[in-house]
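# Structural description and commentary
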Amino acid sequence: MWKYFWSVITIIVIVTLNFGLATIFDTNFIDWLFLSGLAVTMVLLFFNSSGGFTSDLADARLQGANNDEFWPATEVLTKIDRQKVSFSPRISFYVALSYTVVAGIVSIFYYFV
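Here goes a summary of the coordinates provided.

What counts and what doesn't
- Residues numbered from 1 in each chain as written.
- Predicted model: local features only at pLDDT ≥ 70, side-chain atom pairs only at ≥ 80, totals over all residues.
- Heavy atoms only, no water.
- Helix = DSSP H or I, 4+ residues; strand = E, 2+ residues; numbered from the N terminus.
- Buried < 20%, exposed > 50% of the residue type's maximum accessible area, 1.4 Å probe, protein only.
- Areas by Shrake-Rupley, 256 points an atom, 1.4 Å probe, with all protein chains shown as cover.
- Phe/Tyr/Trp six-rings, centres within 6.5 Å; stacked < 30°, edge-to-face > 60°.
- Core = buried A, V, L, I, M, F, W, Y, C linked by side-chain atoms within 4.5 Å.
- Contact = heavy atoms within 4.5 Å.
- Axes fitted to C-alpha atoms, helices over the stretch in contact; angles between N-to-C directions.
- Parallel < 35°, antiparallel > 145°, perpendicular 65-115°, else oblique.
- Left-handed = near helix turned anticlockwise from the far one by under 90°.

Along its length, the chain carries four helices and two strands. The buried share among the 113 residues of the chain stands at 22%. Surface summary for the chain: the accessible area is close to 8700 Å², and the carbon and sulfur share equals 70%.

We now examine the packing of aromatic side chains. Scanning the model with the defined rule gives seven aromatic pairs in all. Taken together, Trp2, Phe5 and Trp6 form an aromatic cluster joined through their ring pairs.

A few words on unusual backbone geometry. In most cases, non-glycine residues show a negative phi, while peptide bonds are predominantly trans. One non-glycine residue, Asp26, lies in the positive phi region at around 55°. For Asp26, the location among the structural elements is in the loop between helix H1 (2-24) and helix H2 (33-47). The class of Asp26 is exposed, set by a relative accessible area of 72%.

Attention now goes to the nonpolar core. Note on soluble globular proteins: their nonpolar side chains tend to be buried together. By size, the foremost hydrophobic cluster in this structure holds seven residues: Ile14, Ile30, Leu33, Val40, Ala96, Tyr99 and Ala103. Elements represented by at least two residues in this core include exactly H2 and helix H4 (91-112). Here the element with the most residues in this core is H4; it accounts for three residues. Ignoring anything within four residues of it in the chain, the contact list for Ile30 reads Val106, Ser107, Tyr110 and Tyr111.

At a minimum axis distance of 8 Å, the contact between H2 and H4 shows a crossing angle of 155°. In terms of orientation, H2 and H4 fall into the roughly antiparallel class. Like other packed secondary-structure pairs, H2 and H4 cross with a definite hand, here left-handed. Packed against H2, whose contacting residues are Leu33, Phe34, Ser36, Gly37, Leu38, Val40, Thr41, Leu44 and Leu45, the element H4 presents Ser92, Phe93, Ala96, Leu97, Tyr99, Thr100, Ala103, Gly104, Val106 and Ser107 at the interface.

Keep in mind these values describe shape, not function.
Below is the structure:
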């Protein structure tokens, strides 16, 4: 039941974003199909994954802030293990990806055929 709920919410968010962009920039709805789907897919991809560049950056900042300005550190006392890159997609990601693929095909036919 929750899969259907989040599928509908994902479609509503993408279509609302698409309609908002088309209204703001005074263009057709179809002009933003692919880009709005791609944007939502990328956001979901970012928030459904762990590890990678942003985790390494956060770990480096934590590890770099380890020493005190009054204490000359000769070695790093806290060693943070590297996180394994993992991706755990939810139904919202698959719905957004499907929307993006269909929107890409529709856009190709609309503009080039």
